[in-house]
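What follows is the residue order along each chain.
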Amino acid sequence: MLKVGDRMPEFEVLDQDGNVVKSSDFMGKKTIIYFYPKDNTPGCTAEACSLRDSYEALVEAGYNVVGVSKDSEASHRKFAQKYSLPFTLLSDKTTRMLQDFGAWGEKKMCGRTCVGTLRRTFIFSEDGILERIIEKVDTKNHAAQILL
């Protein structure tokens, strides 16, 4: 798992519109990369809408916002359209990006242990250095957690 002070891992994935997005695209910008399990589920929708509703404040604070899950580009496109999400969603179908960031692993669901996406948020400086990790995401108030 990444630690504060680490560099942003290199990645190259597709966004909701099928465009190639690379880690180098975020150099020179403060960037929030949030990992979530699945489009159109209650917690993930609440988290995305929290970020959408505070998007202007996040942009004014100098942040670029990016969501990542292993859902397809088509799923992301529908999710972004349905909830008017103004930020980029990245598709990591191979889970390589999830693994490189430390957002893939064992978790408990319905009393069972399984392997999947860990809901985590990583905040990077303009130089691509990790400044903060949010591991206990409050989905309904996630933007407020970031803007502390």
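What you see is a predicted model, and the numbers here were worked out from it, not measured in a lab.

Attention now moves to the nonpolar core. If you look at the biggest cluster of nonpolar residues, it comprises 19 residues, and the most contacted ones within it are Tyr34, Leu51, Phe87, Leu89 and Ile146. Broken down by element, this core gets its largest block of residues, three residues, from helix 1 (residues 42-53). When sequence neighbours within four positions are dropped, the list of residues in contact with Tyr34 reads Glu47, Ala48, Leu51, Val65, Val66, Gly67, Val68, Phe87, Leu89, Arg120 and Thr121. Counting residues in each nonpolar core, the second largest holds 18 residues, with Leu2, Phe122, Phe124 and Leu130 among its members.

By convention here, two paired aromatic rings are described through the distance between centres and the angle between planes. Going through the model one piece at a time under the given rule, you end up with 11 aromatic pairs. Put simply, the rings of Phe11, Phe26, Phe35, Phe101, Phe122 and Phe124 touch in pairs and so form one group of aromatic residues. Positioned above the aromatic ring of Tyr63, the side-chain terminus of Lys30 is 4.7 Å from the ring centre.

Across the sheet, which stays open at both edges, the seven strands sit in the order 2-1-5-4-3-8-9 with mixed pairing between neighbours. Across the chains shown, the open sheet's two edge strands, defined by having one partner strand only, are strand 2 (20-22) and strand 9 (130-134). The sheet shows a mean angle of 30° between the axes of neighbouring strands, taken without regard to direction. Here strand 1 (residues 12-15) runs beside strand 2; their pairing, made up of three bridges, is antiparallel. When the sheet's bridge partners are listed, Val13 is paired in strand 2 with Val21. Where helix 3 (residues 73-82) meets the sheet, it contacts strand 1, strand 4 (63-69) and strand 5 (88-91), and its direction lies at approximately 160° from that of strand 5.

This next bit is on the environment of Phe122. By secondary structure assignment, the location of Phe122 is in strand 8 (residues 120-124). As a C-alpha pair, Phe122 and Arg96 span 26 residues in sequence and 16 Å in three-dimensional space. Every residue in contact with Phe122, bar those within four places of it in the chain, is listed here: Leu2, Thr31, Ile32, Ile33, Phe35, Phe101, Leu130, Arg132 and Ile133.

All of the buried residues along helix 3 are Glu73, His76, Phe79 and Ala80. Buried residues of helix 3 fall within an arc of 125° about the axis and therefore sit on the same side. Along helix 3, the residues that are exposed and aim more than 90 degrees away from the buried face are Lys78, Gln81 and Lys82. As for helix 3, its buried residues are in contact with strand 1, helix 1, strand 4 and strand 5.

To continue, consider the environment of Phe26. Inspection of the secondary structure puts Phe26 in the loop between strand 2 and strand 3 (30-35). Phe26 sits in the buried class, given a relative accessible area of 6%. A sequence separation of 38 residues divides Phe26 from Asn64, and the C-alpha atoms of the two residues are 8.1 Å apart. Excluding residues within four positions of it along the chain, Phe26 makes contact with Met8, Phe11, Val21, Thr31, Asn64, Val66 and Glu126.

The rules behind these values
- Residues numbered from 1 in each chain as written.
- Predicted model: local features only at pLDDT ≥ 70, side-chain atom pairs only at ≥ 80, totals over all residues.
- Heavy atoms only, no water.
- Core = buried A, V, L, I, M, F, W, Y, C linked by side-chain atoms within 4.5 Å.
- Buried < 20%, exposed > 50% of the residue type's maximum accessible area, 1.4 Å probe, protein only.
- Helix = DSSP H or I, 4+ residues; strand = E, 2+ residues; numbered from the N terminus.
- Contact = heavy atoms within 4.5 Å.
- Phe/Tyr/Trp six-rings, centres within 6.5 Å; stacked < 30°, edge-to-face > 60°.
- Lys NZ or Arg CZ within 6 Å of the ring centre and 35° of its normal.
- Pairing = 2+ DSSP bridges.
- Axes fitted to C-alpha atoms, helices over the stretch in contact; angles between N-to-C directions.
- Arc of directions from axis to C-beta.

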